[in-house]
Each structure stands twice: as structure tokens, then as C-alpha cells.
Amino acid sequence: MEYIIVKWLHIVSSTFLFGTGIGSAFYLFFASLKREPLAVAFVARHVVKADWLFTATTVVFQPASGFYLAYLADIPVRSTWITASTALYLFAVGCWLPVARLQYRMRDAARRAVEDGSDLPPDYWRAFRIWIALGFPALFAFIAIFYLMVAKPL
């Protein structure tokens, strides 16, 4: 029963991690394309909150629960699919850490634009481009992790 509970928590946690990432990216991306500082400030403020509430907690819980599941199932953590998943996970989290910082910069730049009654500044758009450049590799890494977790092909 312990295995089933931990597996369920692991799956729910991965859903929060992936869902929050995709949802936050979707809303911030399209709010940014509207180029309306008030909308961007609102969305970015909530994206930063979602990162702390969902992403940061699940980023910690996922490997803890995953390695515990491997222990409970007596699966060697040096199995190729676990090693590959771990490498992809570290890569994705390595992309997410600067993305989280960029989201703070984007939030603050949008808030200042609202306060000043100005357009989103060039600094916002620089951060936005880097945010996108880091987001896509992380997305594909998480998709590959889902595949490895389900198929265990290696």
C-alpha cells in the first residue's frame, strides 16, 4: 500500500510541476504578446507565486519520491532509464532556476511600466527572449522524462 500511495503522490506532483509550468508559460507568453503592461504585470505576479507554491515544492518532491519509489520497488537507481531521467531532470531544473529569476525581472519591469504609464521596457523583452529560450528545452526534457517513466525503455 505504501508503494501505491507514494506512486500516486509522485504522479500528482509531476502533474502539478508540468501543469504549472505549461500553464504559467502559456499565460505569460500570450499576455506578453498583447504588450499591455497591466495585463503582463497581473499575470507575471501570479506566475511568480505559482512558481513558489507549486513548482519549487514539486521540484524538491519529485526526486525524493522517485528515488523512494525505486527503493520500494527494488529497482536499482543506476538503471539506465532512471539515470537518463535524472540527467534530464537536472537539466530541466537547471533551465528553470534562471527562468524563475527572469520571471521576477519580468514582473518588476511590467509593474514599473504600469506605475510609469509606459510600454514594457527593452529589459523586459530581453528577459522574455531568454525565458523562451530556456523554456523550450525544459519542456522537451520533461516530455522525455514522462516517456522514460512510463515506458522504461532502456
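Data block above holds the structure.
Note that the structure is predicted; figures quoted are calculated from it, not measured. (Residues numbered from 1 in each chain as written. Predicted model: local features only at pLDDT ≥ 70, side-chain atom pairs only at ≥ 80, totals over all residues. Heavy atoms only, no water.)

What about unusual backbone geometry?
The line we're drawing: A helix here means a DSSP run of H or I that spans at least four residues, while a strand means a run of E at least two residues long, and both kinds are numbered starting from the N terminus. Each residue is placed in one exposure class: buried if its accessible area under a 1.4 Å probe, protein chains only, is under 20% of its type's maximum, exposed if it is over 50%, and partly exposed if it falls in between.
Positive phi outside glycine occurs at Arg35, with the angle close to 60 degrees. Positionally, Arg35 belongs in the loop between α1 (2–34) and α2 (37–72). Here Arg35 falls in the exposed class, since its relative accessible area comes to 54%. If you check the backbone angles, Asp74 has positive phi at about 60 degrees while not being a glycine. Residue position: Asp74 is located in the loop between α2 and α3 (80–116).

Quick notes on a nonpolar patch on the surface
Worth spelling out the cut-off: Think of a patch as exposed residues, more than 30% relative accessible area, with no salt bridge, where like charges cluster within 9 Å and nonpolar side chains (Val, Leu, Ile, Met, Phe, Trp, Tyr) cluster within 5 Å. Using a 1.4 Å probe, the Shrake-Rupley method yields the accessible areas, and only the shown protein chains count as cover for residues. The rule for a salt bridge is simple: a side-chain nitrogen of Lys or Arg has to be within 4 Å of a carboxyl oxygen of Asp or Glu.
Nonpolar side chains collect at one region of the surface, where Met1, Tyr3, Ile4, Ile5, Trp8, Leu9 and Phe61 lie side by side and expose about 740 Å² of accessible area between them. If you tally residues by element for the nonpolar patch, the top one is α1, at five residues.

Notes on the environment of His10
For the record, the criterion: Here, residues are in contact when the closest pair of their heavy atoms is within 4.5 Å.
Structurally, the position occupied by His10 is in helix α1. Overall, His10 belongs to the buried group, its relative accessible area being 12%. The sequence separation of His10 and Phe136 amounts to 126 residues, and the corresponding C-alpha distance is 23 Å. Ignoring any residue separated from it by four or fewer positions in sequence, one finds His10 in contact with Phe61, Gln62, Ser65, Gly66 and Leu69.

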